[in-house]
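Here's the letter readout for the chains.
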Amino acid sequence: MDLCHVPATREKGWYLALMAPNVKGPNYAWLDPSRLYCHPQGLQDCVADLLQPFQGDAIDMVAGIDAMGFILGAAAAATLQKGFLAIRKAGHLCVQTVTQPYSDYSGREKVMEVRTDAISPGLRILLVDQWVETGGTMRAAIELVERLGGVVAGVAAICMENSEGGKWIQEHYKCSHCVPPHLQPRFDQHQFGWD
């Protein structure tokens, strides 16, 4: 799809066709959504679809997960007129932090951190990431927010796969994603393409 083309009818998820499949091998995610961020209407519609289920909900801050969650999280925060908190890979913040180990989608062990002075008890935080594949990264972010006394107001991602971890998150938190139900099985099986 051309980066300037806007379809005449824009159903939820139309912008998913802007994503590109992995051409570099198993050390990379199976699909790259970053191209849709280059499309002005695609990005706007993606953020609107992510936020729609939270309309009327109390949200005090948006937190995005390092690194691609920063793009959607900052866009969501700007749309909601709320502050943005970066949940970082460990070792990047020069202030007091708390850390949480986790396994990412590839099974690699990692550690993330968040500053301790941004989350006060009861603060309602919308967590945003680009993708929830196994759920390990998002669960670590949830743990950090809750350990500091924050409340997870919701979880939003372009796609939430129906993995064990993805299902756990959807069972325990209000969630939003952009994949229409008829396409979800393809995303769960890492199959690219639309009819």
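Residues numbered from 1 in each chain as written. Predicted model: local features only at pLDDT ≥ 70, side-chain atom pairs only at ≥ 80, totals over all residues. Heavy atoms only, no water.

Overview of the UniProt feature "domain: Phosphoribosyltransferase" (unreviewed entry) in the chain
- Per the UniProt record, the feature "domain: Phosphoribosyltransferase" (unreviewed entry) sits at residues 56-178.
- Its end C-alpha atoms 19 Å apart, residues 56-178 is made of 27% helix and 38% strand. (UniProt positions renumbered as here; feature names shortened; annotations may be inferred. Helix = DSSP H or I, 4+ residues; strand = E, 2+ residues; numbered from the N terminus.)

Remarks on the pairing of strand β3 (residues 61-65)
- By the criterion of burial, β3 is predominantly enclosed, with 5 of the 5 residues buried.
- Here β3 shows two buried faces, one formed by Met61, Ala63 and Ile65 and the other by Val62 and Gly64.
- Where β3 and strand β4 (residues 83-89) come together, 5 bridges link them in parallel fashion. If you follow Ile65 over to β4, its bridge partner there is Ile87.
- Following the backbone out of β3, through helix α2 (residues 69-80) and into the adjacent parallel β4, one traces a crossover that is right-handed.
- Note that β3 and strand β7 (residues 124-132) share 4 bridges and pair parallel. (Buried < 20%, exposed > 50% of the residue type's maximum accessible area, 1.4 Å probe, protein only. Pairing = 2+ DSSP bridges. Right-handed = clockwise from strand over helix to strand, strands pointing away.)

What about the pattern of salt bridges?
- As enumerated under the stated definition, the model contains 8 salt bridges in all.
- Here Arg88 and Asp66 are joined by a salt bridge, their closest N and O atoms 3.1 Å apart. Remark: Asp66 occurs in the loop between β3 and α2 and Arg88 occurs in strand β4; sequence separation between them is 22 residues.
- Among the residues examined, Arg88 registers a relative accessible area of 21% and is labelled partly exposed.
- Put simply, Lys89 and Asp66 hold a salt bridge, and the shortest N to O gap is 4.0 Å. With a gap of 23 residues between them, Lys89 in strand β4 and Asp66 in the loop between β3 and α2 connect regions that are remote in the sequence.
- What makes Lys89 partly exposed here is its relative accessible area of 33%.
- Using a relative accessible area of 16% as the deciding quantity, one classes Asp66 as buried. (Salt bridge = Lys/Arg side-chain N within 4 Å of Asp/Glu carboxyl O.)

Focus on the packing of aromatic side chains
- With the rule as written, the count across this model stands at 6 aromatic pairs.
- With 5.9 Å between their ring centres and 75° between their planes, Trp14 and Tyr15 make a pair best called edge-to-face.
- Between Trp131 and Phe187, the aromatic rings sit 5.9 Å apart at their centres with planes inclined by 35°, giving tilted as the arrangement. Residue Trp131 is found in strand β7, and its partner Phe187 is found in helix α5 (residues 184-188); the two are separated by 56 residues along the sequence. (Phe/Tyr/Trp six-rings, centres within 6.5 Å; stacked < 30°, edge-to-face > 60°.)

Looking at the state of the cysteines
- All told, the structure shown has 0 disulfides when counted by the stated rule.
- This cysteine, Cys4, is not joined by any disulfide, and Cys38 carries the nearest cysteine sulfur, 11 Å off.
- Judged by relative accessible area, which is 69%, Cys4 ranks as exposed. (Disulfide = S-S within 2.5 Å.)

Concerning helix α1 (residues 40-51)
- An ideal rise of 1.5 Å per residue puts 16 Å on 12 residues; α1 measures up with 17 Å between its terminal C-alpha atoms.
- Among all positions in α1, only Gly42, Asp45, Cys46, Val47, Leu50 and Leu51 are buried.
- Elements that come into contact with the buried residues of α1 comprise α2, β7, β8 (151-160) and β9 (175-176). (Expected span 1.5 Å × (residues − 1). Contact = heavy atoms within 4.5 Å.)

Regarding unusual backbone geometry
- Between Asp66 and Ala67 the backbone carries a cis peptide bond, its omega angle lying at 0°.
- Residue position: Ala67 is located in the loop between β3 and α2.
- Its identity as a non-glycine residue notwithstanding, Gln81 has a phi of 60°, on the positive side.
- In this structure, Gln81 sits in the loop between α2 and β4.
- We note that His190 has phi near 55°; this positive angle belongs to a residue other than glycine.
- By the element assignment, His190 lies in the segment after α5.

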